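In case you want the letters, here they are:
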Amino acid sequence: MIQTIHSPVIELIPASQFSLAQLTAIYNQTRVDYLIPMPMNAARLAEYIQTYDVDLDASLVACQEDQLLGVAMLGVRQERAWITRLGVLPGTRRHGAGRALMEGLLAQAEKRNLHFSMLEVIKNNTPAHQLFLKLGFYEVGELLVLRRAPIIPPPDPVIADVQRLERPEALDLIAHDRGTQPWTNQSESLNNLQDVSGLRVTLPDGSRGWLVYQRQKFTLTRFAYKTEAGSPAVVAYAFLSHLHFQYPRLDTYLENIQVNDPHLPAFYRMGYIEAFGRIEMWRGAPPPGLLGGREKPSN
Ligand SMILES: CC(C)(COP(=O)(O)OP(=O)(O)OC[C@H]1O[C@@H](n2cnc3c(N)ncnc32)[C@H](O)[C@@H]1OP(=O)(O)O)[C@@H](O)C(=O)NCCC(=O)NCCS
């Protein structure tokens, strides 16, 4: 049975009633004029849904008299929800579909007893930013999307003791003490992937830390890292130098690195550049267990 939620004119239908090909087509139509082109295909959408715990029963497609208006998806994890893939077809914007989709997702989250929601919005996306503010989301920080093209030959690796981390050990490390990460970088995302491993570096002066990453065919991505002793910029330069020495031909693509991350100088020194910036927004109070070092801003 198709479950529908009625607003005066816009009908919201669970995304699970649509095929992945249909959802991909709707999504791509909503993004034809997007600030940063991000077209999807059905295989990539399937991977996205699996990696980020998107619940298609809680995700919605907006329709009006058989016309598709837009789509929005909800990620669901313990005590938190994530708003993603929101888009309304260009010709039908400013008629309430975006708001209806967002209110529908928030209602789905509430139904699952999730009172805390997270999202990211690309800087200068005024329509979406305004919509999120209107619905009670508040800004918590800025995030960077970083890219690095291969530099051949790679820079010399820093002198350090280097130990490879296999997937189970890598996943065990990232599960603890990393604060509240943006959804894409939470340990659940890496847990949902197979090709995850890492490396641990110890420098001669005792500085040490680790890096966990996903190695795709042509790309290194989804970094999680920590400095356990010493300067983050020094430790990060050491683990990056070993990583890029090991994989000199791979591109690197990192999403949602916090703008005040003390490891950032090492990324710039290693040839990373900023592709674009996002604003992270939350709604509701983060559950105490999730906060881990990041405070809800007072204003
Ligand atoms: C963001 C988006 C989903 C909004 O959808 P929409 O159907 O046009 O939104 P609504 O008509 O429901 O508008 C709701 C509120 O959003 C804000 N808003 C929407 N478009 C706006 C614009 N062009 N400028 C400023 N505010 C805007 C307003 O606060 C509006 O309320 P109002 O109409 O009472 O002023 C749509 O612009 C879109 O698909 N953009 C491209 C994809 C995208 O940016 N997705 C979000 C990624 S984070």
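Conventions and cut-offs
Residues numbered from 1 in each chain as written. Predicted model: local features only at pLDDT ≥ 70, side-chain atom pairs only at ≥ 80, totals over all residues. Heavy atoms only, no water. Salt bridge = Lys/Arg side-chain N within 4 Å of Asp/Glu carboxyl O. Helix = DSSP H or I, 4+ residues; strand = E, 2+ residues; numbered from the N terminus. Buried < 20%, exposed > 50% of the residue type's maximum accessible area, 1.4 Å probe, protein only. Polar contact = N/O pair within 3.5 Å; in protein donor to acceptor, adjacent residues only side chain to side chain. Contact = heavy atoms within 4.5 Å. Phe/Tyr/Trp six-rings, centres within 6.5 Å; stacked < 30°, edge-to-face > 60°. Lys NZ or Arg CZ within 6 Å of the ring centre and 35° of its normal.

Caption draft 1: Layout of the pattern of salt bridges. Per the stated rule, a full pass over the model turns up 10 salt bridges. Ionic pairing is found between Arg 80 and Glu 188, a salt bridge with its closest N-O pair at 2.7 Å. With a gap of 108 residues between them, Arg 80 in strand β5 (residues 80–88) and Glu 188 in helix α6 (residues 187–191) connect regions that are remote in the sequence. With a relative accessible area of 6%, Arg 80 lands in the buried category. Since its relative accessible area comes to 24%, Glu 188 is described here as partly exposed. Notably, a salt bridge pairs Glu 255 with Arg 278, separated by 2.7 Å at the nearest N-O pair. Taken together, the residues span a long stretch of sequence, with Glu 255 in strand β12 (residues 251–258) and Arg 278 in strand β13 (residues 273–283) at a distance of 23 residues. A relative accessible area of 22% means that Glu 255 is categorised as partly exposed. Of the residues examined, Arg 278 reaches a relative accessible area of 9% and is grouped as buried. Each of Arg 200, Arg 208 and Glu 228 takes part in one network of salt bridges that share partners.

Caption draft 2: View of the side chain of Arg 200. Within the fold, Arg 200 resides in strand β9 (residues 196–202). Taking the relative accessible area as the measure of exposure, Arg 200 reaches 18% and is therefore buried. Among the polar contacts made by the side chain of Arg 200, one reaches the side chain of Glu 228 at a distance of 2.9 Å. When residues no more than four places from it in sequence are discounted, the contact partners of Arg 200 are Asp 161, Val 162, Gln 163, Leu 165, Leu 173, Gly 209, Trp 210 and Glu 228.

Caption draft 3: View of the packing of aromatic side chains. What the rule picks out here adds up to 11 aromatic pairs. When the centroid spacing of 6.0 Å and the interplanar angle of 25° are considered together, the rings of Tyr 48 and Trp 82 count as stacked. Of this pair, Tyr 48 sits in helix α2 (residues 42–51) while Trp 82 sits in strand β5; the two residues are 34 residues apart in sequence, bridging distant segments of the chain. Classification of Tyr 48 by relative accessible area gives buried; the value is 11%. With centroids separated by 5.6 Å and ring planes inclined at 5°, the aromatic side chains of Trp 82 and Trp 183 adopt a geometry described as stacked. Separated by 101 residues along the polypeptide, Trp 82 in strand β5 and Trp 183 in the loop between α5 (167–174) and α6 bring together distant segments of the chain. Here the two residues Trp 82 and Trp 183 agree in accessibility, since each one is buried. Through pairs of rings, three or more aromatic residues link up here, namely Phe 223, Tyr 225, Phe 239, Phe 267 and Tyr 272. Sitting over the ring of Tyr 34, Arg 31 keeps its end group 4.2 Å from the ring centre.

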